[in-house]
Amino acid sequence: MGHTINEDRVKFINTNNDVNYKFSILMDGASGLGKNNNIVRDKTSAEWFVDFILEQLEKEILKSKLYDIKELLKKCIVLAKNSINEFEIQNNIKLEDYEIPSASFAILKDNGNNSEIFLLGDTVTLIKYKNSSKVEIVKNPNQDAVSNNDNNVLKIAKAISIKKGISVRLAVKEKEILKILQSNRSKKNCDCDGGYYILGTDFEALSHGVTINIDNNDVEGILFLTDGINYKILGFDENMVYNYIKNNGFAALLKQIRLKQLEDFDYNKYPRFKISDDASGIFIENQKQKNIIKKM
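Residues numbered from 1 in each chain as written. Predicted model: local features only at pLDDT ≥ 70, side-chain atom pairs only at ≥ 80, totals over all residues. Heavy atoms only, no water.

**Comments concerning the state of the cysteines**
Piece 1. Counted according to the given criterion, the structure contains one disulfide.
Piece 2. Cysteine 190 shares a disulfide with cysteine 192; S-S distance 2.2 Å. (Disulfide = S-S within 2.5 Å.)

Take a look at the structure:
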């Protein structure tokens, strides 16, 4: 029997040892684009990957008392890579670059006085500082690269829809589009044109993540968002979406986004690859963790 696929994850891990840390983690698994998309039988490879990484992170934090973010991720990468290699050996296959699972990753480590943020992939991070009336979007080159790649593909899909007289919804299913998406996915963790860095099986990616250190006394709130929370479809900017979530919650925002997407069933007004995507977020206000994770 099948299950509803959801490749986003939210996880909170709090230590109660000699050192007290609160970890807030958001992951967005990259959906499979090839034939070998099931490393385990009952999950997509992306689902397996995000679950595996979070399980290993929790073990290392709580049992090994390892708190350095990059060192934690290095251990997880080794274990994930070993599992993928075993899958290839058992099935006598070699995964294509675009079939090897990966995920966008955002983590906040809070020690009470200060917090460290580390980002890989295309999650969006918003910070509201107490001394500013505006919400700041954290500059993330990897998010920019993924967004540029996707926008270029959608432009091609739009051109195909016009040429063939079909909807964008049908155009994004064309073989030409799949090949471009596979090519772009193969640019992960690559210093190449259109390349970007994401959590996968490469240690080198960790040196290309975004790290921010903040004084908790300076911050009102922090938002982590996956790309499924497409607030721009509502005409919102960063200040508007932050205040909307603060005042109304994630669920109310998602309802508005989903209604807009359903109104555009053929993707012609708002070109995209799916009717809707997994949508997840973490809102940390005055160091209190709130989250939503949803597939609609």
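**Some words on the environment of leucine 95**
Piece 1. Relative to the helices and strands, leucine 95 resides in the loop between helix H2 (69-91) and strand S3 (103-110).
Piece 2. For leucine 95, a relative accessible area of 4% puts it in the buried group.
Piece 3. As a C-alpha pair, leucine 95 and isoleucine 84 span eleven residues in sequence and 8.9 Å in three-dimensional space.
Piece 4. With near-sequence residues (within four places) excluded, leucine 95 lies in contact with Asn36, Ile84, Phe87, Glu88 and Ile100. (Helix = DSSP H or I, 4+ residues; strand = E, 2+ residues; numbered from the N terminus. Buried < 20%, exposed > 50% of the residue type's maximum accessible area, 1.4 Å probe, protein only. Contact = heavy atoms within 4.5 Å.)

**Re a negative patch on the surface**
Piece 1. On the surface, Glu96, Asp97, Asp191, Asp202 and Glu204 cluster together to form a negatively charged patch.
Piece 2. Note on placement: aspartate 202 falls in the loop between helix H5 (175-185) and strand S7 (210-215).
Piece 3. Note on aspartate 202: relative accessible area 33%, which makes it partly exposed. (Patch = residues over 30% accessible without salt bridge, like charges linked within 9 Å, V, L, I, M, F, W, Y side chains within 5 Å. Areas by Shrake-Rupley, 256 points an atom, 1.4 Å probe, with all protein chains shown as cover. Salt bridge = Lys/Arg side-chain N within 4 Å of Asp/Glu carboxyl O. Lys, Arg positive; Asp, Glu negative; His and termini not counted. Charge placed at Lys NZ, Arg CZ, Asp CG, Glu CD.)

**Things to note about the side chain of lysine 188**
Piece 1. Within the element layout of this structure, lysine 188 appears in the loop between H5 and S7.
Piece 2. At 6.0 Å, aspartate 97 is the nearest oppositely charged side chain to lysine 188, a buried residue that forms no salt bridge.
Piece 3. A distance of 3.4 Å separates a polar atom in the side chain of lysine 188 from the backbone oxygen of isoleucine 100.
Piece 4. Sequence-distant contacts of lysine 188, that is, excluding residues within four places in its chain, are made with Asp97, Tyr98, Ile100, Ser102, Tyr196 and Ile198. (Polar contact = N/O pair within 3.5 Å; in protein donor to acceptor, adjacent residues only side chain to side chain.)

**Things to note about unusual backbone geometry**
Piece 1. Even without being glycine, lysine 65 reaches a positive phi, approximately 55 degrees.
Piece 2. Within the secondary structure, lysine 65 is located in the loop between helix H1 (45-62) and H2.
Piece 3. In the Ramachandran plot, tyrosine 267 falls in the positive-phi region, its phi being about 65 degrees despite a non-glycine side chain.
Piece 4. Relative to the helices and strands, tyrosine 267 is located in the loop between helix H7 (250-263) and strand S9 (279-285).
Piece 5. Tyrosine 267 gets classed as buried once you look at its relative accessible area, which sits at 7%.

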